[in-house]
Amino acid sequence: MKSVIRSLRILEAVARHQPVTVGELTKLFGLPKSTVQRTLVTLNEAGWLRANRRDTTRWEIGARVLAVRPAALQGSSLFAAAREPMIRLRDTVNETIHLSVPDALHSMVVVDRVDCDHPVRTFHTIGDTSPLHATATGHAILSHLPRPEVDEFATGTFEGYGEDTITDAEELRTELQRVRERGYAVNHNQYLQGICAIAAPVLDGEGVPLAAVAVSLPDSRFEPGRLAELGRLVTETAAEITARHLR
């Protein structure tokens, strides 16, 4: 039982400090390095942890955590607060609505979806991940983070997924300022080609972004003239989810 508790404590520590080294965890827990290393390897084999792609000496949360996170959220107050407003938004615009949460500063994870009735529509499986710098939900989250966290994220260049992807850090900062000013983010073929989205953040009582709600639609149905209307609707929906969650 002690080993199970130790493994869970190390898993929690990795989630808080990722990407983190064996040495850093050893100092944090005061355990032998061999014990920490053995625990990390076991959690890695089970899919709970993985080596950081850029620095394999550092550890981060693995795919299995992302797989169970949506199921855990289904019983949460956030999930309950979001469901009805998402359905009403879907009924108003007749497009797919997604609710996504950030996985630290690594990606966005889809935790709920309400489908429209168009035969051609966007589709993301619950648990799907996407990059923060190339999505409307990611921009909605980033735009409400403290400046130091944005600076930590916006270093160097980012992966390009198409000619419309923002890959420059300064350009991203400019776009995030635009998102803050108008209240919603827009993804027009920045990540998946032919897919557009308009998203707004769901906040906690201190203004920290917890999630983002998005209207997602094929590029063939994206009308620039409706952008302000869709932005207003998704922003109002996010505000309603925030209020319901804080009750």
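Conventions adopted
Residues numbered from 1 in each chain as written. Predicted model: local features only at pLDDT ≥ 70, side-chain atom pairs only at ≥ 80, totals over all residues. Heavy atoms only, no water. Helix = DSSP H or I, 4+ residues; strand = E, 2+ residues; numbered from the N terminus. Rg over C-alpha atoms; globule rule 2.2 N^0.38 Å. Buried < 20%, exposed > 50% of the residue type's maximum accessible area, 1.4 Å probe, protein only. Areas by Shrake-Rupley, 256 points an atom, 1.4 Å probe, with all protein chains shown as cover. Pairing = 2+ DSSP bridges. pLDDT = per-residue confidence, 0-100. Contact = heavy atoms within 4.5 Å. Axes fitted to C-alpha atoms, helices over the stretch in contact; angles between N-to-C directions. Polar contact = N/O pair within 3.5 Å; in protein donor to acceptor, adjacent residues only side chain to side chain. Core = buried A, V, L, I, M, F, W, Y, C linked by side-chain atoms within 4.5 Å.

(A) Layout of the overall build of the chain. Scanning the chain from N- to C-terminus turns up nine helices and nine strands. For the chain, whose C-alpha radius of gyration is 19 Å, the value lies close to the compact-globule estimate of 18 Å for 247 residues. For the chain, the spread of C-alpha atoms along the three principal axes comes to 60 × 40 × 35 Å. Evaluated residue by residue, the chain yields a buried proportion of 47% over its 247 residues. Working note: accessible area of the chain is about 12300 Å², and carbon and sulfur atoms make up 52% of it.

(B) Structural detail: the pairing of strand β8 (residues 195-203). Summarising burial for β8: nine of the nine residues are buried, a large majority. Across four bridges, the pairing between strand β7 (residues 185-188) and β8 is antiparallel. Paired with Asn-187 across the strands is Ala-197, a residue of β8. Joining the antiparallel neighbours β7 and β8 is a turn of six residues, in which Asn-189 adopts a positive phi near 65°. Sheet analysis places β8 next to strand β9 (residues 209-218), joined by nine bridges and oriented antiparallel. Paired with Ala-197 across the strands is Ser-216, a residue of β9.

(C) Summary view of the confidence of the model for the chain. Here the chain shows a mean pLDDT of 89. Residues at 70 or above account for 94%. Taken element by element, the chain is modelled with least confidence in helix α4 (residues 63-73), mean pLDDT 60, and with most confidence in helix α6 (residues 136-142), mean pLDDT 97.

(D) Representation of the sheet that holds strand β6 (residues 129-130) within the structure. Taken in spatial order, the six strands line up as β6-β5-β4-β9-β8-β7 in an open sheet, and their pairing is antiparallel. Only two strands of the sheet have a single partner each, and these edge strands are β6 and β7. Summarising the sheet, strand β4 (residues 96-103) and β9 pair through five bridges and their orientation is antiparallel. Bridge assignment links His-98 to a residue of β9, and that residue is Ala-214. Each of β4, β5 (107-114), β8 and β9 is contacted by helix α5 (residues 77-93), which is oriented at about 65° to β5, the strand it contacts most.

(E) Spatial organisation of the pairing of β9. Of all the ten residues making up β9, nine are buried; the element is thus mostly covered by neighbouring parts of the structure. Here β8 hands over to β9 after five residues, with Gly-207 in that stretch at a positive phi of 85°.

(F) Here's a closer look at the sheet that holds strand β2 (residues 49-51). Taken together, three strands build an open sheet; the order of strands is β1-β3-β2 and the sheet is antiparallel. At either margin of the open sheet sits one strand with a lone partner, and together these are β1 (20-21) and β2. As paired strands, β2 and strand β3 (residues 58-61) are joined by three bridges and run antiparallel to one another. In the strand pairing of β3, Ala-51 is matched with Trp-59. Strand contacts of helix α1 (residues 2-17): β1, β2 and β3, with the helix running at about 95° to β3, the strand carrying the most contacts. Its contacts with the sheet put helix α3 (residues 33-45) on β2 and β3, and the angle it makes with β2 is roughly 105°.

(G) Quick peek at the side chain of Thr-135. Counting through the fold element by element, Thr-135 comes out in the loop between β6 and α6. In this structure Thr-135 comes out as buried when scored by relative accessible area, which is 5%. Among the polar contacts made by the side chain of Thr-135, one reaches the main-chain carbonyl oxygen of Pro-131 at a distance of 2.8 Å. Among the polar contacts made by the side chain of Thr-135, one reaches the main-chain amide nitrogen of Gly-138 at a distance of 3.1 Å. The residues touching Thr-135, leaving out its near neighbours within four places in the chain, are Met-108, Ser-130, Asn-187 and Tyr-191.

(H) Just the nonpolar core, in detail. Of all hydrophobic cores here, the largest spans 29 residues; its most connected members are Met-86, Ile-97, Ile-198, Val-213, Val-234 and Ile-241. Sequence-distant contacts of Ile-97, defined by excluding residues within four places in its chain, comprise Met-86, Leu-89, Arg-90, Asp-112, Arg-113, Val-114, Val-213, Ala-214 and Val-215. Listed in part, the 21 residues of the second largest apolar core include Met-108, Ala-197, Ala-212 and Ala-214.

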